Amino acid sequence: MADRVTVIGWDGSPLTAAAKSALSAATLVAGAAHHLALPEVPPGAERIRLGSIDLAARRIAGHRGSAVVLADGDPGFFGVVRTLRAPEHGLEVEVVPAVSAVAGAFARAGMAWDDAQVVVAHRRTLRRAVNVCRAHTKVAVLTSPGAGPAELALLLDGVHRTFVICEELGTDREQVTVLTSDKAADHVWRDPNVVIVIGGVGTAVSPGSGWIAGRDPGYPPAERGWALPTEEYGIDLDEGESTWLRAAQLARLGARTGDLVWDIGCGSGALAAEAARFGAAVIAVDDEPGACASTAAAARRAGVQLQVVQGRAPHVLERLPEPDVVRIGGGGLDVVTACADRRPERIVTHAATRDEAEAVGTALAAGGYEVECALLQSVGLDTGDWSERERSVVFLVSGQRPESGP
């Protein structure tokens, strides 16, 4: 096998002495076309054009001599180091780092990036990367062919963001373009590129320096916990939005970063705002203008980003992007059936009576979902004299797509 595998990061700067030394001794060099064209690559070395990193790793493992892998940016940050160090390849790896493409992009934009989310967009992960851009106000997207700025813009339809697009960083063709997301689909962009996606309604800027990379879980200030009490929202919530029902619905939804949540019949927006606090992208739907306004206000109060769509379900759902999980706050069996037809992993709703719960469960089962139902009863007590303050009895109905697992 190879005596030594040195992975060299390249950011367009002159190679360091350590990198030059490793390259001069290399008998095999793997990299992209622009890496293999570097004058420091020994003319007699075997050259491998990188495509599949796994295939390259197997070639390197069988090579007799010293191998070098060239990679853009910091190869240990969403780069080739993880694959090369996989146990099945048995390679000992030494890394000569460079400035990561993300750090370089933010430097070109003159922006701090410790508060940014960083995602990788491939064809298979593009939708989840877009959901992170929906949910957060500063995101760096490491793109790939077929999952670039134009595709991001198309999937962000209806959500206004600003794109800072950094093409071919570190090369003579480097270019930085700033434009709104609705204009990005009209251009052809050169690979490789990094897209900084910024903006959102009520974007908050954290004062001073933070203590954790990415979104600070304590900023903007919000009440600790979730399924917050009614008084936290400053409005009266109906029975379908009671504290303990919301807690159970949120637990069944399991919303997380990268998900898209539909909240249909969003009412006050309490559940939509709390799902967004978990890092999920949320589209809140309601036919009532007052409910839409209340939901937007709840999002501002919670310091989260979500999209509010006014319209009557199920018809309005036809133009929405595919959901991962759905909460139905109202709309009837037609809405349950329409949601099941879109095949989200989970659908969660509630019913006031057993007959209504059975009808919902039957509709979910007909759509291929495994159905769970529980009768929830909560009694609020006045802790001054421990008298009963309010009582809620409701059926929690949820469906899980069998192939989605537990």
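Everything below is about the structure printed above this text.
Parameters and conventions
Positions within a chain are numbered from 1, following the residues in the order the chain's sequence is written. Given that this is a predicted model, residues contribute local features only at a pLDDT of at least 70 and side-chain atom pairs are listed and counted only at 80 or more, while totals for whole chains, interfaces and linings are drawn from all residues. Hydrogens and water are ignored here; the side-chain numbers use all heavy atoms of the structure. Aromatic contacts are taken between Phe, Tyr and Trp rings whose centres are within 6.5 Å, Trp giving its six-membered ring; a plane angle under 30 degrees counts as stacked, one over 60 as edge-to-face, and the others as tilted. Buried residues are those whose accessible area, probed at 1.4 Å on protein chains only, stays under 20% of the maximum for their type, while exposed residues exceed 50% and partly exposed ones sit between those limits. What counts as a helix is a DSSP run of H or I of at least four residues, what counts as a strand is a run of E of at least two, and both are numbered from the N terminus. Strand pairing requires that DSSP identify at least two bridges connecting the strands. With axes taken as lines fitted to C-alpha atoms, and helix axes fitted only over the stretch in contact, angles between N-to-C directions fall between 0 and 180 degrees. Any two residues whose heavy atoms approach within 4.5 Å are treated as being in contact. Salt bridges, as used here, are contacts in which a Lys or Arg side-chain nitrogen is within 4 Å of a carboxyl oxygen on Asp or Glu.

Section: the packing of aromatic side chains
Here comes step 1: For the structure shown, the criterion picks out three aromatic pairs.
Here comes step 2: Between the aromatic rings of Phe77 and Phe78, the centroid separation amounts to 5.1 Å while the plane-to-plane angle is 75 degrees, which identifies the pairing as edge-to-face.
Here comes step 3: On the basis of relative accessible area, Phe77 is assigned to the partly exposed category, the value being 29%.
Here comes step 4: Look at Phe78 and you get exposed, because its relative accessible area is 53%.
Here comes step 5: Between Trp226 and Phe278, the ring centres sit 5.6 Å apart and the planes meet at 70 degrees, which makes this aromatic pair edge-to-face. Highlighted residues: Trp226 in the loop between β10 (193-198) and α9 (243-253) and Phe278 in the loop between α10 (270-277) and β12 (281-286), separated in sequence by 52 residues.
Here comes step 6: Residue Phe278 is classed as partly exposed on the basis of its relative accessible area of 33%.

A few points about the sheet that holds strand β2 (residues 28-31)
Here comes step 1: Taken in spatial order, the five strands make up an open sheet running β3-β2-β4-β1-β5, and their pairing is parallel. In the strand order of this sheet, the two ends are held by β3 (46-49) and β5 (93-96), each with one partner. Within the sheet, the average angular offset between the axes of one strand and its neighbour, ignoring direction, is 20 degrees.
Here comes step 2: Across three bridges, β2 lies against strand β4 (residues 66-72) in parallel orientation. In the strand pairing of β4, Ala30 is matched with Val69.
Here comes step 3: Along the sheet face, helix α1 (residues 17-24) touches β1 (4-10), β2, β4 and β5 and points at about 135 degrees away from the line of β1.

Thoughts on unusual backbone geometry
Here comes step 1: For the bond from Asp191 to Pro192, the omega torsion is -5 degrees, close enough to zero to count as cis.
Here comes step 2: Examined against the element boundaries, Pro192 turns out to sit in the loop between α8 (181-184) and β10.
Here comes step 3: Of note, the bond from Ala313 into Pro314 is cis; its omega dihedral lies within 30 degrees of zero at 10 degrees.
Here comes step 4: Tracing the backbone shows Pro314 in the loop between β13 (307-310) and β14 (325-328).
Here comes step 5: Even without a glycine there, the phi angle at Phe78 is positive, about 55 degrees.
Here comes step 6: Among the structural elements, Phe78 can be located in the loop between β4 and α4 (81-84).

Regarding the pattern of salt bridges
Here comes step 1: Going through the model one piece at a time under the given rule, you end up with 16 salt bridges.
Here comes step 2: Lys138 is the salt-bridge partner of Asp115, the closest N and O atoms lying 2.9 Å from each other. Taken together, the positions of Asp115 in the loop between α5 (101-109) and β6 (117-120) and Lys138 in strand β7 (residues 138-142) put the pair 23 residues apart, joining distant regions of the chain.
Here comes step 3: Across the salt bridge formed by Glu274 and Arg246, the nearest N and O atoms sit 3.1 Å from each other. Placement of Glu274 in helix α10 and of Arg246 in helix α9 is noted, with a sequence separation of 28 residues between them.
Here comes step 4: For Glu274, a relative accessible area of 1% corresponds to the buried category.
Here comes step 5: The class of Arg246 is buried, set by a relative accessible area of 0%.

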